[in-house]
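Descriptive analysis of the structure
Each chain, written out:
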Amino acid sequence: MRRPAEFEHTVRRGVRAGRTALVVHLTTRTDPGPGPVVGFVVSKAVGGAVTRNVVKRRLRELVHARLDALVDVDLVVRATPAAAEAPFLELGAQLDGALATARKRLVSTGER
RNA sequence: UGAGUCAGUCAGGCGGCCGCGUCGAGCCUCCGGGCUCGCCGAGGAACGUCCGGGCUCCGCAGGGCGGGGUGGUGGGUAACGCCCACCCGGGGUGACCCGCGGGACAGUGCCACAGAGAACAGACCGCCUUGGUCCUCGGACCGAGGUAAGGGUGAAACGGUGGUGUAAGAGACCACCAGCGUGCCGGGCGACCGGUGCGGCUAGGUAAACCCCACCCGGAGCAAGGCCAGACAGGGAGCGUCCGAGGGCUGCCCGCCCGAGCUCCCGGGUAGGCCGCUGGAGGCGUGCGGCAACGUACGUCGUAGAUGGAUGGCCGCCACUCGUGCGGGGGAGACCGCGCACGAGGACAGAACCCGGCGUACCGACUGACUCAUCCG
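Since the structure is predicted, the reported quantities are computational estimates derived from the model, not experimental observations.

Definitions and limits used
- Residues numbered from 1 in each chain as written.
- Chains lettered and ligands numbered in written order.
- Predicted model: local features only at pLDDT ≥ 70, side-chain atom pairs only at ≥ 80, totals over all residues.
- Heavy atoms only, no water.
- Helix = DSSP H or I, 4+ residues; strand = E, 2+ residues; numbered from the N terminus.
- Rg over C-alpha atoms; globule rule 2.2 N^0.38 Å.
- Near = heavy atom within 4 Å.
- Polar contact = N/O pair within 3.5 Å; in protein donor to acceptor, adjacent residues only side chain to side chain.
- Nonpolar A, V, L, I, M, F, W, Y, C, P; charged D, E, K, R; others polar.
- Pairing = 2+ DSSP bridges.
- Axes fitted to C-alpha atoms, helices over the stretch in contact; angles between N-to-C directions.
- Contact = heavy atoms within 4.5 Å.
- Core = buried A, V, L, I, M, F, W, Y, C linked by side-chain atoms within 4.5 Å.
- Buried < 20%, exposed > 50% of the residue type's maximum accessible area, 1.4 Å probe, protein only.

**Digging into the overall build of chain A**
Across its full length, chain A carries three helices and four strands. What you see in chain A, going N to C, is helices and strands ordered as α-β-β-β-α-β-α. Relative to a compact globule of 112 residues, whose C-alpha radius of gyration would be 13 Å, chain A shows 13 Å and is just as compact. Along the first, second and third principal axes, the C-alpha set of chain A runs to 40 × 25 × 25 Å.

Here's what the structure looks like:
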């Protein structure tokens, strides 16, 4: 995900689920382009440039391993300041938890 | 051997699995792109954005005022507020280090607290002369005057030491010293240094307070600037068309030039792509010139260019440092190497147009030169 408009759409319209180190926003894909679309938000509150880059790379790596489960959605992962301190495995567990919660909410709003 | 000073280099290595970006080649394509292979892919500070330049656009008709910056001297440089060498002052036994280092007899302002008195100062105690009163004949008290040698306060008290002098004192006078001004001789490109004569006997600090002097300075910045594609909807108010709005000379004035539109409010639209974009005052080596910064000739190397922003994620082994334990060795000893095992640690920090600096952050490792102390020969 690269366009500011896409970020805005996903964050505002999508369902949300948070953990201590991250927050995920999820929407069903409206225009069926190729592949999953994922964006990351790592603000200055997380840390300096080096810290932000490391956090972003770790999140990218984690999401990459889970891409098969995300073909039908737009996803934005937002890091909180706690993400800077979290170990890699812990970050993965939180991502899985948040994604599961968001999935449930997405299904229930979709049925409504 | 110990303690230290200066200069410089480095910023762990190898491998496995899974990945990312530019470029090149090939193949495929629904022309959006995709796949495979190959090359390359963060730093000494990439950081802060504090100076200086290149580059780009605007301006170039000048003059005056204003504003900003720099501040020992000489050199280096594209340039600098940087660097080198030297001078002066301060610190250190020393190698060396530190200095926001023009002017306080052009003028103005400010010097808290303490203290009697703080800028052409000041009699609180004290010292000295003298008038009066009392007196236990030591002196005490009240008054007039002299005095900056002594005490005490302070960051700073109107030169220091010794003498002459005096009622007591005082550069009042004398010698030497310090300091100021000025002349001469010698050295240095120069800042300045060394020597010597004369003068008046002495002059506080602060200019990162205003200010004065010398020198320097157009404005804005790669979101510069250019090209392509695409979207939309107008309405109102004010000023003005030679009775000159507004704009340029980027703060102001004069002056000059352009000149028919300009400003504000409400409403609406867009924020995509490409170029600029990396070879540059370039790195390294040797020779030559120079104390050095640096310059120069020849040879050689040539490889980041992202744009929600690539250069990584996880793991293993080895090396390094520290701690603990065990083993064994040298030495009289304090202690010093060596081997093995376990545990811990590896900093500061991420290019965004490009260079030259400065400043700041940082676990540490290594190299060279030099200084001081001690011991041995």
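**Brief notes about the protein's contact with RNA strand B**
Around RNA strand B, the surrounding shell holds 14 residues, and the nearest of these are Met 1, Val 41, Asn 53, Arg 57 and Arg 60. In RNA strand B, atoms within 4 Å of the protein come 53% from sugar and phosphate. Separating a base nitrogen of RNA strand B from a backbone N or O atom of Phe 40 is a distance of 3.0 Å. Within the side chain of Arg 60, an N or O atom sits 3.0 Å from a phosphate oxygen of RNA strand B. Of all the elements in the fold, those that place two or more residues in the surface near RNA strand B are helix H1 (4–13), strand S3 (37–41) and helix H2 (49–64). At seven residues, the largest contribution of residues to the surface near RNA strand B is made by H2. Residue classes in the surface near RNA strand B are distributed as eight nonpolar, one polar and five charged.

**Overview of the sheet that holds strand S1 (residues 15–18)**
The four strands are arranged S1-S2-S4-S3 in an open sheet whose pairing can be described as mixed. Of all the strands in the sheet, the pair left with one neighbour each is S1 and S3. Strand-to-strand twist across the sheet, computed as the mean angle between neighbouring axes with direction ignored, equals 15°. Of the pairings in the sheet, the one linking strand S2 (residues 22–28) to strand S4 (residues 73–79) comprises seven bridges and is antiparallel in character. Bridged to Thr 27 within S4 is Asp 74. The strands that H1 touches are S1, S2, S3 and S4; relative to S4, the one it contacts most, it runs at about 85°.

**Concerning the nonpolar core**
Looking at soluble globular proteins, one finds that nonpolar side chains tend to be buried together. The biggest cluster of nonpolar side chains holds 27 residues, and the ones touching the most others in it are Val 24, Leu 75 and Val 77. Those elements that place two or more of their residues in this core are S1, S2, S3, H2, S4 and helix H3 (88–111). Considering every element that reaches this core, the biggest residue donor is H3, with six residues. Once residues lying within four places of it in the same chain are set aside, the contact partners of Val 77 are Leu 22, Val 23, Val 24, Gly 39, Phe 40, Val 41, Leu 59, Val 63 and Leu 95.

**Details of the pairing of S1**
Within a regular strand, the side chains alternate between the two sheet faces. Burial along S1 is one-sided: the face carrying Val 15 and Ala 17 is buried and the face carrying Arg 16 and Gly 18 is not. Looking at chain direction, S1 and S2 are connected through four bridges and run antiparallel. Residue pairing across strands places Val 15 opposite Leu 26, the latter belonging to S2. Linking two consecutive strands that pair antiparallel, namely S1 and S2, is a turn of three residues.

Any link to function would need more than the numbers given here.
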